[in-house]
Structure formats: C-alpha cells, structure tokens
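What follows is each chain in one-letter form.
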Amino acid sequence: MIATMPRAHGPRRFFRATLGRSYPRIIGSNRDRSWLFYDTVLPLLGTIAFVYVYKALGAPDRFIGYVIMGGATTAFWMNVMWAMAAQFYWDKQGGNLELYMVVPCGIAPILFGMSLGGFLATMIRATAIVLIGSLLFGVRFAISNLGLFLLIFGVAIVALYGLGVAFASLFLLWGREAWHMAELFMEPVFLASGFYFPVRALGFWAAMGTSLIPLTLALDGLRQLLFGEMHPALLPVWWEVVGLVFLAVLFFVLARFMLRRMEFLARREGRLSLRF
Amino acid sequence: MTVPAIAAQDLVRTYRTKRSPGNPDAAPVVALDGVTLEVPPGEFFGLLGPNGAGKTTLIKVLVTLLLPSRGSAKVAGFDVVAQAHEVRERISMVSGGESSGYGLLTVREQLWMFSQFYGLPTRAALGRIDELLRVVGLFDERHRRVSALSTGMRQKMNLVRGLLPDPEILFLDEPTVGLDVSAARDIRAYIKAWIAERPGRTILLTTHYMHEAEELCQRVAIIHKGRIIACDAPAALKREATGDSYFVLSTEVMDGASWLGQLPGVHRVDSRAFDDHTEIRLRLAEDGAIAGVVKALADRDRRILSLQKLEPSLEDVFVQLVGQRLEEADQSGGPS
C-alpha cells in the first residue's frame, strides 16, 4: 500500500466522521436565521390556537401545559421526518449519497452525525418553544422525578432517531417524492400520538396501537411526571420506560437491517445512479 | 509481480428497465458488455467514448457503487464486491457537474467535513485544504459559502475534495464537463501536476473530449456500446489508423459534399459549412486518391481555398473503429 496521509481508524474515525456530519446541522443550519421564524414562531402559532380552544372550553390549566409540550415535541418529529427520513432522498438528489457510500468510514457514522446534529439543533428549537409558550401563558412545569424524566426523554430520542434512520432507507427505496412521504406522517402522527391531548382519550387499545410511534409513550410518560395524578395515564410510567427501551432496540435493529438492504439494492440495481 | 491498480475481467453490467410504450418487453439495458482491462500503478489512464458508452457504469463498478452482473474487478488488488471496504480505503472519486455538499457551509468547512469521513486529523486536514485551495486558486474563496460559488469554482472545490485523502487511485468521471475553456484547462493542469508529483498514484479519467484524453493520458481505452474496442497509447492508436490518409480542404461555399464519398479511394467525407467557405475532412485509402477529389471539385467549378494533409487524431481513430464521429455516437446515448 502506498503511504498516504495519516488517518484515524476504527472508533476514532467513527467519532471524527460523526462530528463532521453533525457540523452542517449544528453550525450550518443556525447560520441561516430563518429557523427562528420557521421552527419556533410557526409551531407556536399552531400551539397557541390549541391553547385558545382549551381556554374557550374552560379546560383545566394543565391542558395548556399539554399543548406547549406537544408543540415542542412536534419540533423533534418534524426534524426526524424532514431531516432524517427524507435526508437520503435529498442527499441522493444533491449527489452526496454516492459519495457517502464510497467513503471508508461507512454510512453508519454519517447517519449518527446526522442524528446528533439534528437532535442538538432541534433541542434549541424545542427549548425556545417551551420557554416562549410558558412565558406567554404563565405555565409552570414541576417535574416530580427529574432522573426518570431525563431517562424517558433520552430513550425516546434514541428510539425516535432509530426510526428516522430506518425510514431514511425506506423513503429512498419506496418514494420518488420524499416530501410526500414525510407529509403523510405529519398530521396523522400529531393526532395518533396525542400531541395536544392525553392519548388515553383515543381509547386504551387505539392508544396502545399508536404506541409504536415512540412519541406516544414518551409524551404520556413525561406528562405523568409533570402533571401527576391529574393526567389520565395510558400505562404505569415504568411500563412505558420498558416499552420505549423495546422500541429503541427494535428501531435500531430495523435501521441496521434497512441500511444494509438499501446499500445492497443500491449496488445491485443501481438505484443511486440510474439515469433512465 | 506488481499488483495492477485496476484490473477488470469480462465485466458485464445490465440494468433492468420498466415496461413502457417505447420498451414494451422491458428489455434489460446492457451497459457493460464484457469489459477486460488492466491499469498498472502510476498510470494516467483514459476511458474515451460517447455518452451512453458505459464509462460511468464502469467507474461506478470500480468504486464499489454498483455490483457487476457478471465478471470480476479488482482495485489496488482488492475485489470490488467482496472487499469493497478495502477498496474504499484507497480511492477517491470526483464527477463532473457534481453538486455535493451543503450550500450553507463555507468552502473550507465543507472540505473539512469530507476530510473527517477519511479520519484525517483536523490540523493536518486544514493545512492540506489550504494548500490544495492555493493550488487550484480558491484560497481567497475559502470562507465563501458553497452556494455562492460558480460552476467552475465548485468543480475546483470538488477536485480538492477528491485529492484531500491523497488516494492511491483517483477516479475522475468527466471532471471538465460543462466548464468554460479556462476552468477546464486549469483542472487538467492540476490533475496532471498531481500525478506527476506522486509516483505510484493512478488516475482513471473518463471523458468524451478527445483532446483531453490525448493531452493527459498515457493510455486510452475507447469504449463503445459497453465494449472496449481499442486500448493503447494515443500515439499508438493513431499509428494504427495511419493505414488511411487524412486531408482537410476548404472550398467556396457548397450545398453538400457527401457525393465525394462515391469517388474511388474515398472512405469517408465530413463537411461543415461556414459563412464564407465549406470545410471538408476526408479519409482516403491512400494519398493519391486526393487527386481524384481535386479534379472532381474542379469539374464542378468549386475553387479550393486550402488543402492540408493531416496527422490522424483520436477522433479519426474513433471514426475508423465505430464508423461515426463522437458527436454522432452521442446522439444514440443510453445509460452511462
């Protein structure tokens, strides 16, 4: 082998590649300040609409907290759909995907970087929504068990981005128009996961069915820790943690399988480079 | 024994197609049809052919983006199917018209991002990025957003991306396509200098610009309809074509010159009309056949403005092998 520039290998290269791919999401996307409007003001408008519906109906104050939490959670779901699930499609159009397929680090750290960058950037947006919403409507959140709260949030994020990675391969293989697919998973998921109301209101079995979406269990668990017994829980909170761990493992395995399948089909059928 | 940088043995690649009014049987398209070639380390090798000849498909098989339908290929001694990871450690690829990367990043950030996929330490990577940006004349643009670059600048940046990991084998797929004359000349100069300064590095370049292949490549394979129909040094290919004689003459404006093809010893006639004259390129069986052409034009009162005997070009070699000029073959393109 000809001597080339010194390079990191193994976990160090994985780490470098992850940081490299997360960079455009953390630094690059914040360089364009339009996110302040599109990612905080616009979701807040929808949130505010629900707040006024609940106020008009004379619903208890906790519902305002529900709605603000739901508004913040939409930021994560939108990020997973538009910037994870649809990302391979955009990358294919721009010519990045072919390059990602032939770099020696493999595609896994690139996806990990996309997830990490997406999560950190979205965290800023979600925090902004919670802060602005709470200030506007005077909502106070009291977390009864901070450790458990963070555990639920963390496991849910892993499951959610695992789902995003699995969808990234699926969208690429199924869809010619990724934004149609992403659109399909917006409003129905807002409804099915109980973004703006306690999911138990859908009925126990319907809510259990929609628990395949990690946000359903996550939102319900977090609301239990925020609103205590006032919240009509779907399941005991620890069961929800176990369910989320199961989903995280399931989506990680599914993402790995889908990624390999996509890579194989791309090489066998030329789906990354077919021009006719 | 030296391991070839690139070795392909009877490579076949077909694409499935969908049923359509123009393709009722959904017949598969054969993009590569038994390609065999060997490129030793250190060579600047060219793959020349019209659009749809199979150049890009061959590159994509070699860089592990596509699996061959049949046959085998090795890059740096590693099998492109079974040892794809080993191949990827040693190669880099730059395509013409590439719009990879993210427009919000600056040139330097974008190149740093790609350097991390190869595991290059940040300080070394940034040093090399600056050095390469100076070479291609983009150093002053290093803090400019990628979205604000012109096509030529973007392609220079893509070339820097390809050179950044200092690959053993560099694949260049039509790197100058769509560029203006000056930017294309710059790109050719950089890659020529790069390989000259690094003995043992190999470049495989696909192009459909004859002059580019002639200027850069030590050996050229001419590919047509998925088959390699000739492979040798440009000078040797031209020598093989010297069985015929080549002339170019210009006359007063003529409606057409194809009738010259009926004269004895005239193998091919290509004419191009200009405002004030018509240029006619002739391939003749022997030098003496030009006398018949001159007489025939005189008989029709067509004044000859100039007459010149030509050394055959790669274009002539292509015409002799394929029976069409490259632009004509481009018309019947398919997958590439």
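Residues take numbers from 1 onward in each chain, read along the sequence in its written order. Working convention: letters from A go to chains and numbers from 1 go to ligands, in the order in which they are written. The model is predicted, so local features are restricted to residues of pLDDT at least 70 and side-chain atom pairs to those at 80 or more, both for listing and for counting; the totals for chains, interfaces and linings are taken over all residues.

### Focus: the overall build of chain A
Starting at the N terminus, helices and strands are each numbered in turn, a helix being any DSSP run of H or I of at least four residues and a strand any DSSP run of E of at least two. The helix and strand tally for chain A stands at twelve helices and zero strands. Sequence-ordered secondary structure for chain A, helices as α and strands as β, is α-α-α-α-α-α-α-α-α-α-α-α. Against the globule reference of 19 Å for 276 residues, chain A gives a C-alpha radius of gyration of 20 Å, in line with a compact fold. Dimensions of chain A, computed from the C-alpha atoms along their principal axes, are close to 70 × 40 × 40 Å. Note that the radius of gyration is over C-alpha atoms, with the globule rule given as 2.2 Å times the number of residues to the power 0.38.

### A few points about the nonpolar core
To count as a nonpolar core, a set of buried Ala, Val, Leu, Ile, Met, Phe, Trp, Tyr and Cys residues must be joined through C-beta atoms within 7 Å. Counting other C-beta atoms within 10 Å of a residue's own tells you its class, since 20 or more makes it buried, 12 or fewer makes it exposed, and anything in between is partly exposed; those C-beta atoms are placed from the backbone. Counting 149 residues, the largest nonpolar core has L62, V75, V160 and F171 of chain B as the members making the most contacts within it. Broken down by element, the residue count for this core peaks at 15 residues, all from helix 3 (residues 62-85) of chain A. Contacts here follow a simple rule: the backbone-placed C-beta atoms of the two residues must lie within 7 Å. The contact partners of V75 of chain B, leaving out residues within four places of it in the chain, are I6, L62, V80, V87, R90, I91 and I169 of chain B. In terms of nonpolar packing, the next biggest core, distinct from the first, is built from seven residues, L249, L284, V293 and L297 of chain B among them.

### Description of the sheet that holds strand 7 (residues 169-173) of chain B
All names here are of chain B. Two strands qualify as a pair provided that DSSP identifies no fewer than 2 bridges between them. Pairing within the open sheet is mixed, and its six strands lie in the order 6-7-8-3-9-10. Each edge of the open sheet is held by one strand with a lone partner, namely strand 6 (91-95) and strand 10 (227-232). Across the sheet, the axes of successive neighbouring strands diverge by a mean angle of 15°, strand direction being ignored. Two strands pair when backbone bridges link them, and strand 7 and strand 8 (residues 202-207) are joined in this way by five bridges, in the parallel orientation. Counted as the bridge partner of D173 is T206 from strand 8. Each axis is a line fitted through C-alpha atoms, and for a helix only the stretch in contact is used; angles between axes span 0 to 180 degrees, taken between their N-to-C directions. Sheet strands touched by helix 10 (residues 314-322): strand 3 (44-48), strand 9 (219-224) and strand 10. Its angle to strand 9, the strand with the most contacts, is close to 40°.

### What to know about the packing of helix 6 (residues 108-137) of chain A against helix 7 (residues 146-174) of chain A
All names here are of chain A. The geometry of helix 6 relative to helix 7 is characterised by a closest axis approach of 11 Å and an angle of 130° between their N-to-C directions. By the angle between their directions, the pair helix 6 and helix 7 is classed as oblique. The chirality of how helix 6 crosses helix 7 is right-handed. The segment helix 6 lies against helix 7, with L111, S115 and F119 engaging I157, Y161, G164 and V165. Charged residues are taken to be Asp, Glu, Lys and Arg, nonpolar residues to be Ala, Val, Leu, Ile, Met, Phe, Trp, Tyr, Cys and Pro, and polar residues to be all remaining types, Gly included. Classifying every residue of the contact of helix 6 with helix 7 gives five nonpolar, two polar and no charged. Any angle that is under 35 degrees is reported as roughly parallel, and any over 145 degrees as roughly antiparallel; angles of 65 to 115 degrees are reported as roughly perpendicular and all others as oblique. Less than a right angle of anticlockwise turn of the near helix away from the far helix marks a crossing as left-handed, whereas a clockwise turn marks it as right-handed.

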